[in-house]
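Overview (structure and organization)
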Amino acid sequence: MAVISVELAGRPYEVRVGAGLLADLPAQCGKLLRKKRVPIVTDANVARHWRETIDSVLQGAGFEPRWLILEPGEATKSWDGLSRAVEWLLGEEVERGDHILALGGGVIGDLTGFAAAILKRGCGFIQLPTSLLAQVDSSVGGKTAINSSAGKNLIGAFHQPSLVLADLDTLETLPPRELAAGYAEVIKYGVLGDPDFFAWCEANGPAMLAGDRPAREEAVARSVAAKARIVAEDERETTGTRALLNLGHTFGHALEAETGFSDRLLHGEAVALGMVLAARFSALRGLMPQGEADRVAALAAAGGLPSQLSALGLACDGIRLASHMLHDKKMDAGTLPFVLLHSIGQAFLARDVKLEDVASFLDGELGA
Ligand code: NAD
Ligand code: GLY
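In short, a report on the structure. Just so it is clear, the model here is predicted, and its values are computed rather than measured. (Residues numbered from 1 in each chain as written. Chains lettered and ligands numbered in written order. Predicted model: local features only at pLDDT ≥ 70, side-chain atom pairs only at ≥ 80, totals over all residues. Heavy atoms only, no water.)

What follows deals with the overall build of the protein. Scanning the protein from terminus to terminus reveals 13 helices and eleven strands. On C-alpha atoms alone, the protein measures out to a radius of gyration of 20 Å, which is about the 21 Å that the 2.2 N^0.38 rule sets for 368 residues. Taken along its principal axes, the extent of the C-alpha atoms in the protein is 60 × 40 × 40 Å. A total of 368 residues make up the protein; the buried ones form 58% of that total. (Helix = DSSP H or I, 4+ residues; strand = E, 2+ residues; numbered from the N terminus. Rg over C-alpha atoms; globule rule 2.2 N^0.38 Å. Buried < 20%, exposed > 50% of the residue type's maximum accessible area, 1.4 Å probe, protein only.)

Here it is, written out as structure tokens:
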């Protein structure tokens, strides 16, 4: 097992990465479970695979698991989903010093974290991430949110978990397309700040995706360590360091908006293509060599991720895609910061990018 500490002043917490963590839940949580009743929020897909394991281990240790099982999918990160979770937790008489268990992907983690942030002005929660994306990104760092009709993740809070248990066994039941989508966020850490990790992904990514256990542990642990460093440095995204985690997200967000935030393009797939576009745009502006951008595209493609905008078959132009960016929540006083690259491993925040330049770049990519 790998243990990574998220070093927040006065509020450090551990992220444990390994196999068998859910089957050892009572010991892993220790004193954080202080009452017999243990509230667990999850979705129906995850419950189908993992409820039995958790029921058996908690009941065996004298606990009484209590389940809220929500609909799978992004639509659950809504006012309706939040109100269901909060009302249920109130009914379960959860108190401030208690911990709610969030068992699932980023949807359940974000929703439950936000419910924990507002319940009785803030109670504890433990992240039990079951998707690769949640293990390497969303369960760590305390961003919690629901969506609004005006956009994704617009209503939320920073609320850190007390513990994160990333059980590699859960990846065995994750659909392959979701696994690949999570791999986009793994690649991201290499592209934004760690050329050695990027090269590790080039060498080991396919084996990791195919199920190689040591490779999975290394991919998750190195990703979490990278995120933990960034979050410890800039918890609330005020200095610009944490904003680097948005690499690929501005282009990606526009693609998700154009495809209606649907299964046509999963979030991780949009991030992968967004990263390729950020790399190609950086190369076009002479910021980094074209060969480096080609390596980013090749790594995405080798992971079964989209790497070419024209292959999406979108019936729109660059101006339309760029206009989606105007609704990005990272807009700041009329400008949109873009994460661009000097090289693989050297991302930076550019505040001087003109949307018309992005639109004409995208016109070229749509027709390429
Ligand atoms: P998700 O939670 O919808 O999970 C993807 C699918 O996989 C769902 O159908 C789910 O039921 C299923 N699933 C999850 N684990 C499974 C398992 N072990 N076995 C079988 N099926 C399983 O989506 P996601 O990709 O995990 O997360 C995406 C969400 O995360 C988005 O809402 C995004 O905004 C958010 N996010 C948040 C942060 C953050 O910092 N808070 C970062 C990145 C993404
Ligand atoms: N996923 C971006 C962040 O946590 O800041």
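Now that the structure has been shown, we can carry on.
This part covers the pairing of strand 6 (residues 124-129). When you tally the buried positions in strand 6, you get six out of six residues, the bulk of the element. Across the two faces of strand 6 the burial is the same, with Gly124, Ile126 and Leu128 and Phe125, Gln127 and Pro129 all buried. As judged from the six bridges shared by strand 5 (residues 99-104) and strand 6, these two strands associate in the parallel manner. Within the sheet, the bridge partner assigned to Leu103 lies in strand 6 and is Leu128. Handedness of the crossover joining strand 5 and strand 6 through helix 4 (residues 106-118): right-handed. With two bridges connecting them, strand 6 and strand 9 (residues 163-167) associate as parallel partners. Directly across from Gln127, in strand 9, lies its bridge partner Val164. (Pairing = 2+ DSSP bridges. Right-handed = clockwise from strand over helix to strand, strands pointing away.)

What follows deals with the packing of aromatic side chains. For the structure on display, the rule yields five aromatic pairs. Arranged with centres 5.7 Å apart and planes meeting at 20 degrees, the rings of Phe197 and Trp200 form a pair that is stacked. Residue Phe197 and its partner Trp200 are located together in helix 7 (residues 195-210), separated by three residues, close to a single helical turn. With respect to burial, Phe197 and Trp200 carry one shared label: buried. Across from the ring centre of Tyr189, 5.4 Å away, lies the NZ or CZ of Lys188, which sits over that ring. (Phe/Tyr/Trp six-rings, centres within 6.5 Å; stacked < 30°, edge-to-face > 60°. Lys NZ or Arg CZ within 6 Å of the ring centre and 35° of its normal.)

Now for the site of ligand 2. Around ligand 2, the neighbouring residues are Asp137, Lys143, Lys227, Glu237, Arg242 and Leu245. Side-chain polar atom of Lys227 to an oxygen atom of ligand 2: 2.6 Å apart, as the coordinates give it. For ligand 2, an oxygen atom lies 2.7 Å from a polar atom in the side chain of Arg242. Relative to its unbound accessible area of 200 Å², ligand 2 is 87% covered by the protein chains. (Near = heavy atom within 4 Å. Polar contact = N/O pair within 3.5 Å; in protein donor to acceptor, adjacent residues only side chain to side chain. Areas by Shrake-Rupley, 256 points an atom, 1.4 Å probe, with all protein chains shown as cover.)

Attention now moves to the site of ligand 1. Near ligand 1 you find 25 residues, and of these Asp43, Lys77, Thr130, Ser131 and Thr173 are the closest. Interatomic distance of 2.8 Å between a side-chain N/O atom of Lys77 and an oxygen atom of ligand 1. The contact in question runs from a nitrogen atom of ligand 1 to an N or O atom on the backbone of Thr170, over 2.9 Å. When ligand 1 sits alone it has 860 Å² of accessible area, and the protein chains cover 90% of it. Of all the elements in the fold, those that place two or more residues in the shell around ligand 1 are helix 2 (44-60), helix 4, helix 5 (132-138) and strand 8 (151-158). Tallied by class, the residues present in the shell around ligand 1 amount to six nonpolar, ten polar and nine charged. (Nonpolar A, V, L, I, M, F, W, Y, C, P; charged D, E, K, R; others polar.)

Attention now moves to helix 9 (residues 249-258). Among the ten residues that make up helix 9, nine are buried, leaving the element largely enclosed by the rest of the structure. His249, Thr250, Phe251, Gly252, His253, Ala254, Leu255, Glu256 and Glu258 are the residues of helix 9 that are buried. Buried residues along helix 9 sit in contact with strand 8, helix 6 (176-193), helix 10 (267-284), helix 12 (318-325), strand 10 (338-343) and helix 13 (355-367). Directly after helix 9, the chain includes Gly260, whose backbone phi takes a positive value near 75 degrees. (Contact = heavy atoms within 4.5 Å.)

Structural measurements only, silent on function.
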